[in-house]
Amino acid sequence: MSQKREFEEGKGRIEGGSSEDKRRRFKSVVQEVMRLQTVKHFLEPVLEPLIRKVVKEEVELALGKHLAGIKWICEKETHPLESRNLQLKFLNNLSLPVFTSARIEGDEGQAIRVGLIDPSTGQIFSSGPASSAKLEVFVVEGDFNSVSDWTDEDIRNNIVREREGKKPLLNGNVFAVLNDGIGVMDEISFTDNSSWTRSRKFRLGVRIVDQFDYVKIREAITESFVVRDHRGELYKKHHPPSLFDEVWRLEKIGKDGAFHRRLNLSNINNVKDFLTHFHLNSSKLRQVLGTGMSSKMWEITLDHARSCVLDSSVHVYQAPGFQKKTAVVFNVVAQVLGLLVDFQYIPAEKLSEIEKSQAEVMVIDALSHLNEVISYDDEVSMMRNVLNAPASQGSVPGIDYSGLSLTSLDGYGFVSSLHNTAECSGKHSDDVDMEVTPHGLYEDYDNLWNCSHILGLEEPQSELQSALDDFMSQKNASVGGKAHSKRWTKLFSVSRWLSVFKYVKLGKI
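Residues numbered from 1 in each chain as written. Predicted model: local features only at pLDDT ≥ 70, side-chain atom pairs only at ≥ 80, totals over all residues. Heavy atoms only, no water.

The name given to the chain in an unreviewed UniProt entry is calmodulin-binding PROTEIN60, with Arabidopsis suecica as the source organism. Regarding the chain, the relevant UniProt record gives this comment under Sequence similarities (unreviewed entry): "Belongs to the plant ACBP60 protein family." (UniProt positions renumbered as here; feature names shortened; annotations may be inferred.)

Structural data, given as structure tokens:
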């Protein structure tokens, strides 16, 4: 009996322990589910867009590669025995000269660009595996015949390697990858000059590193060029030169050479001096350079100097020995641009030989009397100020009133004319409304001022000037009645008198 009781008690403990374990396990499962729900609630809005974006990009990339491969395979299956000929081509020219250790550049300092061209269309070939092929830059002998067709063996036989004991001939990244048929060669430089080669020149070449079935790609070869030691960069010619470059920067004039010394002795130190002497007396400039400069060299030097970019300023000068109505117009290097005759501008190309000679003499005289030269920012400004074009409103330059007096105004009847005009309109002259400043009056002042410069009017007339200054100083004052109208009447009369005076001086009356 006792044994049976012990067995039942032990069985009860086992069953009780099993239930407790079940409750504990159930509780942990519930907690785990709650934690997962919490994580899902907070992380799902953040993680889901990121995961979707990454998956989308990977799928699109894989799909693009797959479709490109299918397209290329279809092209090969359509023409299984037809090979395609493509060629590489430099899309811009090299910037010359080239110096060692200096970056090899294209036009206007841009990187060298190479394109994969379809000769049948002349267009960039931007599809298929070849449009993303790997490129290699190499150096070819300068006397390599790049005009006719060449073979792979011809290229191999003309590749230039570095000299023994020297660094590789090209420094930098000599490899590039085509992107849609276009590759960029950047940060490449020469480590050695070209003087030791048989032609004393180099060429750059570009070829495809990868191989493709049924596709043959021809290499690209540049024109030959000289590579100079980087120390020669100090003597580099500028293209185009600037006005204040030293004269030896011009082609065919070496620094401290015979031509350079001759020019310095004649006080021709920069490009501006060179061009000025050329326009003033070209034959004398040739004599300065001497017989050592041939006609061909002279043309090369002159063409290089003429490529200089000039500013737009123009200068006007009237020589005392010429007619009062004639002035010469020239630029910053003393080149005759035209003549002002009777306030009409005649450009240089329409001048006769005699007029051109006279203009050149006037320019020479102008350089000796720079304080009498009137300068303008550009030709438009000169035309506006000298040739009676509308002046800018709001500014009244100084006026030369030589030969005028206030007591002489009534003798021309303009004051009475103003009164008559007022009476015809049914108003008394004292009641004429002239509150608005007449801008045409300012234009007359501008025109007369410019005329006085050209016609040589130099005698000051303080009386009229002071009267105008007094009027203008009071124009913003609140003054009404007869005094106000009388001031405007007087000023209007002065302007009318000045107009007649201008036409009398020009011989039009």
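**Examining the nonpolar core**
Buried together is how nonpolar side chains tend to be arranged in soluble globular proteins. One finds Leu88, Ile104, Leu170, Met185, Phe190, Leu204 and Ile217 to be the most contacted residues of the largest nonpolar core, which totals 34 residues. Counting residues per element, the ones that place at least two in this core are strand 1 (84-90), strand 3 (112-118), strand 5 (134-141), strand 9 (188-190), strand 10 (202-208) and strand 11 (215-218). Those residues in contact with Met185 that lie beyond four places of it in its chain are Ala111, Ile112, Val114, Leu135, Val137, Ala176 and Val206. With 22 residues, the next largest nonpolar core counts Leu263, Leu275, Leu289 and Val333 among its residues. (Core = buried A, V, L, I, M, F, W, Y, C linked by side-chain atoms within 4.5 Å. Buried < 20%, exposed > 50% of the residue type's maximum accessible area, 1.4 Å probe, protein only. Helix = DSSP H or I, 4+ residues; strand = E, 2+ residues; numbered from the N terminus. Contact = heavy atoms within 4.5 Å.)

**Comments concerning the sheet that holds strand 5**
Here four strands make up an open sheet; going across it, the order is 7-5-10-12 and the pairing antiparallel. The sheet is open, and its two edges are formed by strand 7 (175-177) and strand 12 (220-221), each paired on a single side. (Pairing = 2+ DSSP bridges.)

**A few points about helix 7 (residues 353-368)**
Owing to its 3.6 residues per turn, the α-helix aligns residues three or four sequence positions apart on the same side. Between its terminal C-alpha atoms helix 7 stretches 23 Å, which fits the 22 Å expected from 16 residues at 1.5 Å a residue. Listed in full, the buried residues belonging to helix 7 are Ala359, Met362, Val363 and Ala366. Along helix 7, the residues classed as buried sweep out an arc of 105° about the axis, all on the same side. Seen from the open side of helix 7, the exposed residues pointing more than 90 degrees away from its buried face are Glu353, Ile354 and Ser368. If you follow the buried residues of helix 7, they end up packed against helix 4 (271-280), strand 14 (314-317), strand 15 (326-330) and strand 16 (336-341). (Expected span 1.5 Å × (residues − 1). Arc of directions from axis to C-beta.)

**Focus: the packing of aromatic side chains**
Evaluated as defined, the whole model comprises six aromatic pairs. Summarising the aromatic geometry, the rings of Phe190 and Phe225 are spaced 6.0 Å apart at their centres and angled 65° between planes, so their arrangement reads as edge-to-face. Of this pair, Phe190 sits in strand 9 while Phe225 sits in the loop between strand 12 and strand 13 (227-228), and the two are 35 residues apart along the sequence. Each member of the pair, Phe190 together with Phe225, is buried. Ring plane angle 75° and centroid distance 6.4 Å describe the contact between Trp196 and Phe202, whose orientation is recorded as edge-to-face. Owing to a relative accessible area of 0%, Phe202 belongs among the buried residues under this scheme. (Phe/Tyr/Trp six-rings, centres within 6.5 Å; stacked < 30°, edge-to-face > 60°.)

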